[in-house]
Amino acid sequence: MTDSKYFTTTKKGEIFELKAELNSDKKEKKKEAVKKVIASMTVGKDVSALFPDVVNCMQTDNLELKKLVYLYLMNYAKSQPDMAIMAVNTFVKDCEDLNPLIRALAVRTMGCIRVDKITEYLCEPLRKCLKDEDPYVRKTAAVCVAKLHDINAQLVEDQGFLDTLKDLISDSNPMVVANAVAALSEIAESHPNSNLLDLNPQTINKLLTALNECTEWGQIFILDCLASYLPRDDRESQSICERVTPRLSHANSAVVLSAVKVLMKFMEMLPKDLDYYGTLLKKLAPPLVTLLSAEPELQYVALRNINLIVQKRPEILKHEMKVFFVKYNDPIYVKLEKLDIMIRLASQANIAQVLAELKEYATEVDVDFVRKAVRAIGRCAIKVEQSAERCVSTLLDLIQTKVNYVVQEAIVVIKDIFRKYPNKYESVIATLCENLDSLDEPEARAAMIWIVGEYAERIDNADELLESFLEGFHDESTQVQLQLLTAIVKLFLKKPTETQELVQQVLSLATQDSDNPDLRDRGYIYWRLLSTDPVAAKEVVLAEKPLISEETDLIEPTLLEELICHIGTLASVYHKPPSAFVEGSRGVQHKRLPPRAGSGESTESPDVGQSGPSEAPPAVIPSQGDLLGDLLNLDLAPPTATVPSVQPSMQMGAMDLLGGGLDSLLGGDIGGSPSVTAMPASLGSAPAVGGGLGDLFDLGGGVGMPTGSYVAPKTVWLLAMKAKGLEISGTFARRGGIIQMDLSLTNKAMSVMTDFAIQFNRNSFGLAPAGPLQVLTPLSPNQTIDVSLPLSTSGPVMKMEPLNNLQVAVKNNIDVFYFSCQYPLSLLFVEDGKMDRQVFLATWKDIPNDNEAQFQIKDIHLNSDVASNKLQGSNIFTIAKRTVEGQDMLYQSVKLTNGIWVLAEMRIQTEPFLLSDLKCTEPRIVYANLLHSQ
Amino acid sequence: MIGGLFIYNHKGEVLISRVYRDDIGRNAVDAFRVNVIHARQQVRSPVTNIARTSFFHIKRSNIWLAAVTKQNVNAAMVFEFLYKMCDVMTAYFGKISEENIKNNFVLIYELLDEILDFGYPQNSETGALKTFITQQGIKGQPQTKEEQSQITSQVTGQIGWRREGIKYRRNELFLDVLESVNLLMSPQGQVLSAHVSGRVVMKSYLSGMPECKFGMNDKIVIDKQGKGGTTDDPGKSGKQSIAIDDCTFHQCVRLSKFDSERSISFIPPDGEYELMRYRTTKDIILPFRVIPLVREVGRTKLEVKVVIKSNFKPSLLAQKIEVRIPTPLNTSGVQVICMKGKAKYKASENAIVWKIKRMAGMKESQISAEIELLPTNDKKKWARPPISMNFEVPFAPSGLKVRYLKVFESKLNYSDHDVIKWVRYIGRSGIYETRC
């Protein structure tokens, strides 16, 4: 019997013919017709026109035909909701069928039809099926609850299905238990705070029992669920580990990885001196190694996970270097991952073997792999000092091969080796110089120029070499230009007599003929340094460089901890937290490892490899591009240091002010304002304080002068799904009296975006863009660009609701998108808002009581001086201070961009809260502030 | 969980498309075709993220299978499931090919409906599935109630891999110990890495629900028995036992029992299946040793001499021996002389292939070749790929021995002695390479 013929009907009037066949009396013909319909559906043809005819075939005893009709229904019910109702009766009837397979089929299919009306009818049959006598029906019904929850969460809660589902965890059939666990885990993900799974020692015990009995897939569901449990103490932790370890011998790699996840997590709680701890460590290695004999795709998943495990607990696999040696016919993705792990495991003990391998790899075919291998040799040199000499000579051998990309990559890593071991291997410079002509990649050219500049005094013809680069100066990439500029200045400082002409030439090229501001600026700085104070220039340019770190590409410890909790999942494959690639509420929950056992012993046991990342994690080297771009070639400067914007984390007292209209103040509702969402979770109770006034004041305990107004972290304003792939997040800042809107534009679509423009609707304070939106280069897929848009307050005014609402339109080559956001009122507080004392007194009296508002701010532990300092950072000025009955009173003034004044009296009570009394020259506006300390 | 599952042919046409979750749209089908199947380069990662949708893909001959999701799924599980899906399809209709898939698309949809519910894998044991999903539609519609509940309890039950009431006139079982021995050796004869990955494959034709116990010369078990004061000479048994680095078992094996007592007990599926996999790295018997000698004579000539030595009992015979000696790309001509077997230069494969049908243990054979090269101005030196070898030997290179396989069936009246048992050892070359 062949079904392929169904794929070949392409005649015209096909739908019409099918219709006739579907209504045929002959059962066989009907079935044939339905098969044709399904085949068309598969290849993407629209056969929804046949809906009523297909549904008519549903009433049949033939189970095969029924399944086909159901398949059709699942696909098209959503587009024909009214017609779908026709099917309900059959479903309800089937749910009562004597054959459990049919009951299960009906309930399974019904859950897949996402039509509200059908969902209503689903409840009763589902309730029955959840208590069905047959386990096959129950296990199907358990999953159906999750389906229903996906369509209508409220309905599931109202109907009490969650409780029934919880009961199924105690079911006698292991598969029912497994499916119930899977369904509950999924539902719990969308209710982060609910105690839905309610894991306690009793339920855990039930799960562990079911673990021994259910299918391989069920074991995965249960293990993944176990991983989210937090044992009460180390004893419970150990007993769970003991019952999970047998899973490490399962043939299914996913079972093994999920078991590894549970063990890695619970191991945190075990004291290190425990014998069992050591046993467990030993037990983990063999299964991980076995995973490498699985199919290549699984090997890849395993290797990505091993990469994490090696960073977290290097001791587990430190003796297993050999299994990560690359095989000749491994797929490229496996090769690259293995190489990564080899570098991580490299140590003095195995370095000879590793180097021999790496040398072999450097002669392979795949360019990416070869480059990575060469780079790995350099990494070994930096990591294991004893091997440095061997590495350098290996690299020299590779340079002799004259293979272009090998040579270039080798030069880039040799530069790093020079940095790590100064004055040791400079003898090889001559060999490097021979290859000057073959370098065509910017990174390699820049590295070579750095070497020439750095060791100019030892290279006789350094000036000639650098001069040769100078000829095509304008055709070089920025990286090379900057490097060349610095190198020539270094050369000049070392050999001033012969190179004066050269340095002048490069300075003029950089400052006069270049339109790159970075290059020009650096040129000017050198020029002035050299002309005013050559000694200072020497100190700056030839400064001692800090050492570079041994470990590279380490994952940041908190992220690593989170990823360990996600072993086996996509997050561990991408090395990104789920929130980075999952849409909506799912997976946004951040998972943590349980707190370390025995806080007293934070040091690793002595047999741990020298690279235990748990304490004082080595700094992560920024990528090569940043290294060379740095002005003084101080490779360790973090890339953020060059960003001129004010970093929230750098502020001593960060502050966010949010004003609202008087009405909203009295209504006490600030739900959804940006400052609330941006608040650290530890301050969870704050929004309720002060009658819902959202000005919060994060005082990290510092007393220094405030350095500027608080800038809230960026929040997402425009979701990619609503804007054809363009995602915009942003925040507002006031910097040096200029209001700025900081935007991050991300292209999540698959095509390039260009032609950006922005416009604001009229708003309460007349905010308007002071210039065009500067997106100079097209935004390619998955690229993010940060722009700062200066704002003026001279635009048209219209009162908005709420007052600080701003409606924005952004245009690109695809479409125009609209969103609204709210800005903190503190944005509008001008720098000259300090009122004269006398004027303050007079104004205070003049303001009618109608314009006054009072509120309390709780849980602030600050004295008045600190508070006033913080507030001044946001242009809230303290005019006077008084002490009445041991309470400090502050009198403050604020001026808005439109000239409105706000006056405040603040009483700091010994009780940790503040009383604030506000008066305003304009009845519509009142600001509020809320001080909050951690 | 899995949001959808698509099967494509090599041109990127959809053969099967089953969507389980609302967040996966039809455009996902096209995105994968455009970004992965039609991409000219080789696959750089088996997981591809396109516009926030993740695609897990594997390829079987010309057919692509892709599982799609937008959530943080268990990645290992998705791949295991895809492999399982292939197994199930193969068990139903043989080779996975475009034609077979088109011919059985109704069946595949039925299977997909059963083994994946809302993206959660369900029971996927072919033994169980075949009881109620057949190519002839559901087996005889008017089933008895007992039959129905037997099916459902098997599908959901603890022993989902075996049905009740199996009967054979002759109770028989076949055990195959299949090993592949892997080696990477330096030109100087130093073992860089060597391991054996082995499988115990069992074909069981046993009546009822037999309880089986499998024993082998596992060092841990034998040492334990030695300590227990049995009559075995500890020195002797220690020598014969092997150290197993790690092993994994078919889901029928009671893992907790293995963990606590290291005994392998199970109720076997009917027919053929893989009981266990294991890996050893210590005391491996390397059946062959390859000694290469490559000499460059000037710029246009290479002299190659390779000696192979067999290293096992002289009474045993190795078969299907093949030695592959790579030649440079600019080879213009090759002259070969070998003592035994046949050797040929295959220009299309850039290698000299030397085949020997049979070779006894403790023997030695040699090939010498003169390779003439065209002068080139290619700067890149020829990266000498390793010399690889294929063979088959009738013993287990790891040293593994089956000690017993006991069968107990209390309800039926046959005992362990009535079962006819066959054991066979086959050692094959995995990646068996010597650098030159």
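Quick notes on the rules
Residue numbers restart at each chain and count upward from 1, following the sequence in its written direction. Here chains are named by letter from A upward and ligands by number from 1 upward, in the order in which they appear as written. Residue-level local features of this predicted model are given only where pLDDT is at least 70; pairs of side-chain atoms are given and counted only at 80 or more, and the full residue set underlies all totals for whole chains, interfaces and linings. Calculation of side-chain values draws on the structure's entire complement of heavy atoms; hydrogens and water are dropped beforehand. Numbering of helices and strands starts at the N terminus; helices are DSSP runs of H or I of at least 4 residues and strands are runs of E of at least 2. Burial here depends on accessible area, computed with a 1.4 Å probe over protein chains only, as a share of the maximum for the residue type. Under 20% is buried, over 50% is exposed, and the range in between is partly exposed. It only takes one pair of heavy atoms within 4.5 Å for two residues to be counted as in contact. Accessible surface is estimated by sampling points in the Shrake-Rupley manner with a 1.4 Å probe; for residues, cover comes only from the protein chains shown. Here a salt bridge means any side-chain nitrogen of Lys or Arg lying within 4 Å of a carboxyl oxygen belonging to Asp or Glu. Strand pairing follows a simple DSSP-based rule, namely that at least 2 bridges must link the two strands. Note on geometry: axes are C-alpha line fits, over the in-contact stretch for helices, and angles between N-to-C directions span 0 to 180 degrees. As used here, the term nonpolar core means buried Ala, Val, Leu, Ile, Met, Phe, Trp, Tyr and Cys residues forming a set that is joined through side-chain atoms within 4.5 Å. Stacked, tilted and edge-to-face pairs are distinguished by plane angle, under 30 degrees for stacked and over 60 for edge-to-face with tilted covering the rest, among Phe, Tyr and Trp rings (Trp via its six-membered ring) whose centres lie within 6.5 Å. Expected helix span is given by 1.5 Å per residue-to-residue step, counting one fewer step than there are residues. A 3.5 Å cut-off defines polar contacts: any pair of N or O atoms within that distance qualifies, except that in protein one atom must be a possible hydrogen donor and the other a possible acceptor, and neighbouring residues in sequence count only when both atoms are side-chain atoms. One confidence number per residue, pLDDT, is output by the predictor and ranges from 0 to 100. Here the quantity called buried area is the total loss of accessible area, with a 1.4 Å probe, experienced by two parts when brought into contact, counted for both. Here, patches come from residues exposed beyond 30% relative accessible area and free of salt bridges, joined within 9 Å for like charges and within 5 Å for nonpolar side chains (Val, Leu, Ile, Met, Phe, Trp, Tyr). Charged-residue counts in this description rest on Lys and Arg as positive and Asp and Glu as negative, His and the chain ends being excluded. Where a charge lies is defined by one atom per residue type: Lys uses NZ, Arg uses CZ, Asp uses CG and Glu uses CD.

*Asks:* Give me the overall build of chain B: which residues, what numbers.
*Replies:* A count of helical and extended segments in chain B gives nine helices and 23 strands. Buried residues in chain B amount to 54% of all 436 residues. Intrachain contacts of chain B at a sequence separation of at least 6 include 70% that bridge at least 24 residues. Working note: accessible area of chain B is about 19700 Å², and carbon and sulfur atoms make up 49% of it.

*Asks:* For the pattern of salt bridges, give the residues involved together with the corresponding values.
*Replies:* All names here are of chain A. By the definition in use, this model includes 68 salt bridges over all chains. Lys36 is the salt-bridge partner of Glu21, the closest N and O atoms lying 3.2 Å from each other. With Glu21 in helix H1 (residues 14-22) and Lys36 in helix H2 (residues 27-42), this residue pair connects regions lying 15 residues apart in the sequence. The pair Glu21 / Lys36 is uniform in exposure class, with both members buried. For Asp832, the salt bridge is made with Lys895, and the minimal N-O distance between the two is 3.7 Å.

*Asks:* Explain the sheet that holds strand S7 (residues 757-760) of chain A to me, using residue names and the numbers behind them.
*Replies:* All names here are of chain A. Strands sit in the order S7-S10-S11 across an open sheet of three strands; the sheet is antiparallel. Every other strand in the sheet has two partners, leaving S7 and strand S11 (816-822) as the edge strands with one partner each. In this sheet, adjacent strand axes meet at a mean angle of 25° when their direction is disregarded.

*Asks:* Now, about the nonpolar core: what can you tell me, with residues and values included?
*Replies:* Grouped together as the largest cluster of nonpolar side chains are 286 residues, with contacts concentrated most on Tyr72, Leu126 and Phe418 of chain A together with Phe56 of chain B. If one sorts the elements of this core by residue count, helix H2 (residues 75-93) of chain B sits on top with 14 residues. Once residues within four sequence positions are removed from consideration, Leu126 of chain A is found in contact with Val107, Ala141, Cys144, Val145, Leu148 and Phe161 of chain A. Residues Leu743, Ala749, Leu791 and Leu803 of chain A belong to the second largest nonpolar core, which totals 45 residues.

*Asks:* Before we move on, could you go through the packing of aromatic side chains and cite the residues and values that matter?
*Replies:* Residues and elements named next belong to chain B. One pass over the structure, following the stated rule, counts 28 aromatic pairs over all chains. Between Phe32 and Phe55, the ring centres sit 5.4 Å apart and the planes meet at 25°, which makes this aromatic pair stacked. Taken together, the residues Phe32 in helix H1 (residues 27-37) and Phe55 in strand S4 (residues 53-60) connect sequence positions 23 residues apart. Judged by relative accessible area, Phe32 falls into the buried class, the value being 0%. Given the relative accessible area of 1%, Phe55 is considered buried. With a centroid separation of 5.7 Å and 80° between ring planes, the pair formed by Tyr168 and Tyr205 is classed as edge-to-face. Pair noted here: Tyr168 is in the loop between helix H6 (145-156) and strand S8 (172-185) and Tyr205 is in strand S9 (residues 191-205), with a separation of 37 residues, a long-range link. A relative accessible area of 29% places Tyr168 in the partly exposed class.

*Asks:* Any chance you could break down helix H28 (residues 517-532) of chain A for me, citing the residues and the numbers?
*Replies:* Here H28 of chain A is 16 residues long and its end C-alpha atoms lie 22 Å apart, about the 22 Å a rise of 1.5 Å per residue gives. With a side-chain oxygen positioned 2.9 Å from the backbone nitrogen of Asp518 of chain A, the residue opening H28 of chain A is Asn516 of chain A.

*Asks:* I'd like a rundown of the confidence of the model for chain A, residues and numbers included.
*Replies:* Of the residues in chain A, 82% reach a pLDDT of 70 or more, and the chain-wide mean stands at 78. Under a pLDDT of 50 for its full length, residues 599-707 of chain A has, in the predicted model, 203 contacts with residues more than four places off or in other chains.

*Asks:* For the environment of Val36 of chain B, give the residues involved together with the corresponding values.
*Replies:* All names here are of chain B. One can find Val36 in helix H1. Placed 259 residues apart in sequence, Val36 and Arg295 show a C-alpha to C-alpha distance of 44 Å. Excluding residues that lie within four positions of it along the chain, Val36 makes contacts with Ala31, Thr48, His57 and Trp64.

*Asks:* Explain the environment of Thr401 of chain A to me, and be specific about the residues and the numbers.
*Replies:* Residues and elements named next belong to chain A. One can find Thr401 in the loop between helix H21 (388-400) and helix H22 (404-420). Sequence spacing of Thr401 and Asp513 is 112 residues, and the spatial spacing of their C-alpha atoms is 39 Å. A polar side-chain atom of Thr401 sits 2.4 Å from the main-chain carbonyl oxygen of Leu398.

*Asks:* Any details on the interface of chain A and chain B? Residues and values, ideally.
*Replies:* For interface size, the figure often reported is the accessible area lost on association. With 111 residues of chain A at the interface, the matching set in chain B holds 99 residues. When chain A packs against chain B, the two sides together hide about 8800 Å² of surface, and 56% of this comes from carbon and sulfur. Taken together, chain A and chain B are joined by 13 salt bridges. Asp22 of chain B is the partner of Arg114 of chain A in a salt bridge, and the nearest nitrogen-oxygen pair spans 3.1 Å. Summed over the shared surface of chain A and chain B, the number is 43 residue pairs in polar contact (both at pLDDT 80 or more).

*Asks:* Any details on a nonpolar patch on the surface? Residues and values, ideally.
*Replies:* On the surface, a cluster of nonpolar side chains totalling about 300 Å² of accessible area is made up of Val716, Leu719 and Met721 of chain A. The topology assignment puts Val716 of chain A in strand S4 (residues 715-718).

*Asks:* Pulling in residues and values, what's your account of the side chain of Glu364 of chain A?
*Replies:* All names here are of chain A. Looking at the element boundaries, Glu364 is found in the loop between helix H19 (351-361) and helix H20 (367-383). Overall, the relative accessible area of 13% leaves Glu364 in the buried class. Looking at Glu364, its side chain comes within polar contact range of the side chain of Lys335, at 3.1 Å.

*Asks:* How would you sum up the side chain of Ser263 of chain B? Please name residues and give values.
*Replies:* Residues and elements named next belong to chain B. In this fold, Ser263 is placed in the loop between helix H9 (255-261) and strand S12 (264-266). Under the relative-accessibility criterion, Ser263 is labelled buried at 11%. When residues no more than four places from it in sequence are discounted, the contact partners of Ser263 are Lys213, Lys257 and Phe258.

*Asks:* Provide a residue-level description of the sheet that holds strand S14 (residues 288-297) of chain B, including the pertinent values.
*Replies:* Residue and element names in this part refer to chain B. Pairing within the open sheet is antiparallel, and its four strands lie in the order S14-S15-S20-S17. Looking along the sheet, the strands with just one partner apiece sit at the ends: S14 and strand S17 (331-338). When strand polarity is set aside, the average angle formed by the axes of neighbouring strands in this sheet is 15°.

*Asks:* Explain a positive patch on the surface to me, using residue names and the numbers behind them.
*Replies:* Residue and element names in this part refer to chain B. Among the surface-exposed residues, Lys342, Lys344, Lys355, Lys357 and Arg358 lie close enough to one another that they form a single positively charged patch. No other element matches strand S19 (residues 351-360), which puts three residues into the positive patch. Structurally, Arg358 can be placed in strand S19.

*Asks:* An account of unusual backbone geometry is requested, with residue identities and associated values reported.
*Replies:* Within the chain, Asn423 of chain A stands out as a residue other than glycine whose phi angle is a positive 60°. In this structure Asn423 of chain A comes out as exposed when scored by relative accessible area, which is 53%. The backbone of Met362 of chain B sits at a positive phi, close to 60°, despite the residue not being glycine. Position of Met362 of chain B relative to the elements: it lies in the loop between S19 and strand S20 (364-373). Accessibility expressed as a relative area gives 54% for Met362 of chain B, which makes it exposed.

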